[in-house]
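What follows is the residue order along each chain.
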Amino acid sequence: MKVNKILVSTSGKKYTVYVGNNIINKTSLILKKRLPNIKKVAIVYDDNLPKKVVKKLKLSLKKYQINFYKFHSVDKIKNIKVATYLIEDLIKKNFNRSDCIIAFGGGVLSDLTAFVASVVKRGIRFVNIPTTLLSQVDASVGGKTAINSNQGKNLIGTFYQPEFIIADIAILNTLPFRERICGYGEILKHSLILDRKFFAWLTKNGKKIIHGNKEALKYSIIKSCKIKSQIINLDEKEKNIRMILNFGHTFGHAFEATKKFSKKLNHGEAVLLGMIIACEFSHKNKLLSLKDFNLINNHYDSLNLPKNIKKFFNRKDVKKIIKFMIKDKKNFNSKLNLILLEKIGKTIKPGKYLTSIEKVRKFLNFKLSK
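Because the structure is predicted, anything quoted here is derived from the model rather than measured. (Residues numbered from 1 in each chain as written. Predicted model: local features only at pLDDT ≥ 70, side-chain atom pairs only at ≥ 80, totals over all residues. Heavy atoms only, no water.)

Engineer: Explain the overall build of the protein to me, please; I cannot follow it from the model alone.
Structural biologist: For the protein, the helix and strand inventory stands at 13 helices and 13 strands. Since a compact globule built from 370 residues should have a radius of gyration of about 21 Å, the 20 Å found for the protein is in line with a globular shape. Taken along its principal axes, the extent of the C-alpha atoms in the protein is 60 × 40 × 35 Å. A buried classification covers 61% of the 370 residues belonging to the protein. The contacts in the protein between residues at least 6 apart in sequence include a share of 74% that link residues at least 24 apart. When the accessible area of the protein is evaluated, it comes to approximately 16,400 Å², of which 50% is carbon and sulfur surface. (Helix = DSSP H or I, 4+ residues; strand = E, 2+ residues; numbered from the N terminus. Rg over C-alpha atoms; globule rule 2.2 N^0.38 Å. Buried < 20%, exposed > 50% of the residue type's maximum accessible area, 1.4 Å probe, protein only. Contact = heavy atoms within 4.5 Å. Areas by Shrake-Rupley, 256 points an atom, 1.4 Å probe, with all protein chains shown as cover.)

Written as structure tokens, this is what we have:
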């Protein structure tokens, strides 16, 4: 399986996403080529990763001074306390702008590490090696960094692009089935917001992806990265069209926060739940046709994707869900700026459909009372 290269070109930086099988051992070669003056490397990694995978990266980088930081990668570690610990320790070890920090894990570590990289001495080199399907198809690309606030998810952050990204498909073999389902949510999102033909391909190949077929995984990763890079090339800092990447996330982030970022509902599941709720809200408000809504709904059913909000919440939770939705970064004044579907492959224009908090409250109450 050859290594595919996807070029991401923003107004501030151009960088490459390398996608292939068993390419972790190429990290040193890529680092030397792209960043020849690097001496010190910090690796922030997930303690869930198999030891042999961590060892493979360590061997590849043996010529560098390496500092390891191990974390149990759950959303609760994306906080100011953990970020401050990393920042202070890197400064203590005299990391400079020419040195490098690598995120080696899923989206949680990617967000956290990129944030730290962006603020240490106003920016040290950052490399992303995503190890989950969700992070390979979404979180690793685009330059968003974030930590959570007590008020909600991802409310503290910057925009900071990586030097390069390595997406090694072989690492996905170690993922539990639940994690592949979570990653599939972001793949599906990319098809729904921008590419109807990709959605049609997913209806035929979705099961292959979630069951770990390497060719199907590779195609979906490359396709997702291309769709996301196409959007961020136009709007790096989420002033307009990039907001469509948040389809399902306004609901999803609120669902996660309401569950206090527990294992009962992880990020990918929350996004899947948020997308189907957003699709139903789109249909109820005569934006999305019944035909397209049924196609999406049937796709969820065929893959047994999470879609029943009543399995996770009841009417007593609506107040909390709304409270977190109000904190969403896209909102205008007292209106919720929801990203909704016009049809499969096309969202409404960001900012075009502002809805009242009361309208969403009634919709959620209705969903949870049926």
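Let's pick the thread back up.
Engineer: Just to check I follow, could you spell out the packing of helix 10 (residues 267-284) against helix 11 (residues 290-303) for this structure?
Structural biologist: Geometrically, a packed helix pair is captured by the angle between its two axes and the distance between the axes. Close contact between helix 10 and helix 11 brings their axes to 10 Å; oriented N to C, the two are set at 160 degrees. Between helix 10 and helix 11, the angle is such that the two are roughly antiparallel. Here helix 10 runs over helix 11; the crossing is left-handed. Contacts from Leu272, Met275, Ile276, Cys279, Glu280 and His283 in helix 10 reach Leu290, Phe293, Ile296, Asn297 and Tyr300 in helix 11. A class-by-class count of the residues in the contact of helix 10 with helix 11 yields 8 nonpolar, 2 polar and 1 charged. (Axes fitted to C-alpha atoms, helices over the stretch in contact; angles between N-to-C directions. Parallel < 35°, antiparallel > 145°, perpendicular 65-115°, else oblique. Left-handed = near helix turned anticlockwise from the far one by under 90°. Nonpolar A, V, L, I, M, F, W, Y, C, P; charged D, E, K, R; others polar.)

Engineer: Sorry, what's going on with helix 4 (residues 107-119) here?
Structural biologist: Counting along an α-helix, one turn takes 3.6 residues, and residues three or four places apart therefore face a common direction. Its 13 residues give helix 4 an end-to-end C-alpha distance of 19 Å, which sits within 8% of 18 Å, the value for a rise of 1.5 Å per residue. With respect to burial, helix 4 is a largely interior element, 12 of its 13 residues being buried. Looking only at helix 4, the buried set comprises Gly107, Val108, Leu109, Ser110, Asp111, Leu112, Thr113, Ala114, Phe115, Val116, Ala117 and Ser118. Taken from the residues just after helix 4, Lys121 is the one with a positive phi, measuring 50 degrees. (Expected span 1.5 Å × (residues − 1).)

Engineer: Please explain the pairing of strand 3 (residues 40-46) as it appears in this structure.
Structural biologist: Here is the key point about a regular strand: its side chains alternate between the two faces of the sheet. With 7 of 7 residues buried, strand 3 lies mostly within the body of the structure. Here strand 3 shows a buried face lined by Lys40, Ala42, Val44 and Asp46 and a second buried face lined by Val41, Ile43 and Tyr45. With 7 bridges joining them, strand 3 and strand 4 (residues 65-71) adopt parallel strand pairing. Each residue of the ladder has a partner; that of Val41, found in strand 4, is Ile66. Taking the sense of rotation as the criterion, the β-α-β connection linking strand 3, helix 2 (residues 51-60) and strand 4 turns out right-handed. When strand 3 meets strand 5 (residues 100-105), the two strands line up parallel, connected through 5 bridges. If you follow Val44 over to strand 5, its bridge partner there is Ala103. (Pairing = 2+ DSSP bridges. Right-handed = clockwise from strand over helix to strand, strands pointing away.)

Engineer: How should I be thinking about unusual backbone geometry in this particular structure?
Structural biologist: The bulk of non-glycine residues show a negative phi, and the bulk of peptide bonds are trans. A positive phi angle is found at Asn22, which is not glycine, with a value near 55 degrees. Here Asn22 is to be found in the loop between strand 2 (14-20) and helix 1 (27-34).

Engineer: Explanation requested: the pattern of salt bridges in the structure shown.
Structural biologist: Opposite charge on two side chains permits pairing when their charged atoms draw close. Enumeration over the complete set of coordinates arrives at 18 salt bridges. Note that Lys228 and Asp138 form a salt bridge whose closest N and O atoms lie 3.3 Å from each other. Of this pair, Lys228 sits in helix 8 (residues 214-234) while Asp138 sits in helix 5 (residues 133-139), and the two are 90 residues apart along the sequence. Assigned by exposure class, Lys228 and Asp138 land together as buried. Notably, a salt bridge pairs Asp301 with Lys307, separated by 2.8 Å at the nearest N-O pair. Connected via shared salt-bridge partners are Asp138, Glu186, Lys189 and Lys228. (Salt bridge = Lys/Arg side-chain N within 4 Å of Asp/Glu carboxyl O.)

Engineer: Help me understand the packing of aromatic side chains in this model?
Structural biologist: For any pair of aromatic rings, the description rests on two quantities: the centre-to-centre distance and the angle between the ring planes. Tallied over the entire structure, the rule returns 10 aromatic pairs. When the ring of Phe281 is compared with that of Phe363, the centres are 5.0 Å apart and the planes differ by 80 degrees; the resulting orientation is edge-to-face. Taken together, the positions of Phe281 in helix 10 and Phe363 in helix 13 (residues 357-369) put the pair 82 residues apart, joining distant regions of the chain. Per residue, the accessibility class of Phe281 equals that of Phe363, and both read buried. Aromatic rings pair up to connect Phe251, Phe255, Phe312 and Phe313 into one cluster. Its guanidinium or amino end placed over the ring of Phe95, Lys40 lies 5.7 Å from that ring's centre, counting from NZ or CZ. Taking NZ or CZ as reference, Lys259 lies 5.3 Å from the ring centre of Phe313, over its face. (Phe/Tyr/Trp six-rings, centres within 6.5 Å; stacked < 30°, edge-to-face > 60°. Lys NZ or Arg CZ within 6 Å of the ring centre and 35° of its normal.)

Engineer: What am I meant to see in the state of the cysteines here?
Structural biologist: Covalent bonding between the sulfur atoms of two cysteines is what defines a disulfide. According to the stated counting rule, one finds 0 disulfides in the structure shown. Cys182 takes part in no disulfide bond, and the closest cysteine sulfur to it belongs to Cys225, at a distance of 18 Å. Classification of Cys225 by relative accessible area gives buried; the value is 1%. (Disulfide = S-S within 2.5 Å.)

Note that all results are geometric; they support no functional claim without further evidence.
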